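# A structural walkthrough
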Amino acid sequence: MSGAPDHPVSAPSSPGEVLALLRTGAVETRADIARVTGLARSTVSQRVDALIAHGFLTEEADGGSTGGRPPRRLRLRTREHAVAGVDLGASHCRVALLDIGGEVLALREDPISIADGPREVLGHVERTLHTLLKEAGRDPASLQSIGVGVPGPVEFSTGRPVDPPIMPGWHQFPIPEFFAERFGPRALVDNDVNVMALAEQRRAFPDTRYLLYIKVGTGIGCGIVADGRLHRGAQGSAGDIGHIRVGDIEDPCRCGNTGCLEAVAGGAAIARKLSGLGLEATSGSDVVRLVKSGNRDAVRMVREAGRAVGEVLAGLVNFFNPDTVVVGGALAAVHDQLLAGVREAVYRRSHPLATHVLRIEPSRTGENAAAIGAGILAVEHALSPRQVDRALAGAAR
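The rules behind each value
Residues numbered from 1 in each chain as written. Predicted model: local features only at pLDDT ≥ 70, side-chain atom pairs only at ≥ 80, totals over all residues. Heavy atoms only, no water. Helix = DSSP H or I, 4+ residues; strand = E, 2+ residues; numbered from the N terminus. Polar contact = N/O pair within 3.5 Å; in protein donor to acceptor, adjacent residues only side chain to side chain. Contact = heavy atoms within 4.5 Å. Core = buried A, V, L, I, M, F, W, Y, C linked by side-chain atoms within 4.5 Å. Buried < 20%, exposed > 50% of the residue type's maximum accessible area, 1.4 Å probe, protein only. Axes fitted to C-alpha atoms, helices over the stretch in contact; angles between N-to-C directions. Parallel < 35°, antiparallel > 145°, perpendicular 65-115°, else oblique. Nonpolar A, V, L, I, M, F, W, Y, C, P; charged D, E, K, R; others polar. UniProt positions renumbered as here; feature names shortened; annotations may be inferred. Pairing = 2+ DSSP bridges.

## Regarding the side chain of S350
Summarising the element assignment, S350 is placed in the loop between helix 11 (335-349) and strand 14 (359-362). A polar contact of 3.4 Å, which involves the side chain of S350, links it to the backbone oxygen of A314. What S350 contacts, discounting residues up to four positions off in sequence, is A314, V317, N318 and T355.

Structure follows, in structure tokens:
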């Protein structure tokens, strides 16, 4: 028996909604579906048979039967369907191929420069994706959805970057249409920190409903998961904490203002300060190298950066009341020093009720967070009731 409730819920009106019940684990058999939804068995059979015929489900006998006819369990069928997750950074490209069960089939990382422009960078993604499909033995036609994370603001409804500071030539570029012309499905495009938050919540903290993901790299951003869903705000710019002013500091920021959190605590800002002391540092990775080598100035500056991030985060904790804060990005590689400063400021500045069950943790999904998160975004789109029903309707024509 599954853990399905015995009382009928509002009856799903489509095969896509039946599939959603199966994905959540609320039901496992046709009898479960009938009991939970109150649908007639003939209606349940119609919907399940349609999902099996289209390759979304398989039905297998349960080997645990001790007598009589064994129950037949419904399982998600993953072989015929794949999705892609693309992580575009300032200087890297990671592409992950996943099946619709979320298992990573293949993954590749290459150095690129986002400043080379959309056609060159996305052309590289196109070639990489064909390579991964071939490696995994999947036909390009099996690709159901593509998720893309980019290091800049995105209007999620259109999938187009909007004045991204470190992405020259990308403003309003039609990324979804680029992939639709070459692979069929349109891409879902989001800010990279949003898909990182999705990966962290789905893979590392699945029981957490309210989570903040703080990316501390060259820049600083925040992904917000509210009641288990990504929160993007009205236009997709929610979580842009890197340009919140910190104290009375007047350090100039690339946005044109002064005293922004990113200009004080970002990896590039720390590298500039260390360079000013005569140390070899031009990026966040150099800062990490210096900290790991035991350089006292680097250790001190990273801890101070953690305090600055914590000052801003304390306000977010009081306002949003998350139960989990995850810190990732390039500087999270030295999370002992960074999180010490973050925790110090948050617990000093936040209300005791807001921090009563709060945990502040380093990222568990690591450097592949954005690629995996973009893949999860693609999976959830491909298996959404609307998309499944659309696929079945197209096959029926």
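Picking up after the structure, the text goes on.
## Observations regarding the nonpolar core
Counting 47 residues, the largest nonpolar core has L51 and F56 as its most contacted members. Residue assignment for this core shows that the elements contributing at least two residues are helix 1 (15-24), helix 2 (30-37), helix 3 (41-53), strand 4 (92-99), helix 6 (192-204), strand 10 (211-216), helix 12 (369-382) and helix 13 (385-396). Looking at this core element by element, the count peaks at ten residues for helix 12. I214, V246, V287 and L290 belong to the second-largest nonpolar core, a separate cluster that totals 40 residues.

## Description of the packing of helix 6 against helix 12
Each packed pair of helices is defined by two parameters, the angle between the axes and the distance between the axes. Close contact between helix 6 and helix 12 brings their axes to 7 Å; oriented N to C, the two are set at 80 degrees. In terms of their interaxial angle, helix 6 and helix 12 are classed as roughly perpendicular. Across the interface between the two elements, D192, V195, M196, L198, A199, R202 and R203 from helix 6 touch A369, A370, I372, G373, A374, I376, L377 and E380 from helix 12. Residue composition of the contact of helix 6 with helix 12, grouped by class: ten nonpolar, one polar and four charged.

## Some remarks on the UniProt feature "domain: HTH iclR-type" (unreviewed entry) in the chain
UniProt records the feature "domain: HTH iclR-type" (unreviewed entry) for residues 17-59 in the present numbering. The span residues 17-59 shows a helical share of 67% and a strand share of 7%, and its end C-alpha atoms are spaced 18 Å apart.

## Points about the environment of I372
As for its placement among the helices and strands, I372 is situated in helix 12. We classify I372 as buried; its relative accessible area is 10%. In this structure the C-alpha to C-alpha distance between I372 and V44, which are 328 residues apart in sequence, comes to 34 Å. Those residues within four positions of I372 in sequence are excluded, and the remaining contacts are A96, V104, L107, A199 and R203.

## Notes on the sheet that holds strand 4
Ordered by their spatial adjacency, five strands build an open sheet running 5-4-3-6-9, and the pairing between neighbours is mixed. Because the sheet does not close on itself, it has two edges, and the strands there are strand 5 (104-111) and strand 9 (187-191). Strand-to-strand twist of the sheet, defined as the mean angle between neighbouring strand axes without regard to direction, takes the value 15 degrees. Bridge analysis of strand 3 (residues 82-88) against strand 6 (residues 143-150) gives six bridges, and the strand direction is parallel. Across the sheet, V86 pairs through a bridge with V148, a residue of strand 6. Its contacts with the sheet place helix 6 against strand 4, strand 6 and strand 9, and it is angled at close to 100 degrees to strand 9. Together, strand 3, strand 4, strand 5, strand 6 and strand 9 form the strand contacts of helix 12, whose direction differs from that of strand 3 by roughly 140 degrees.

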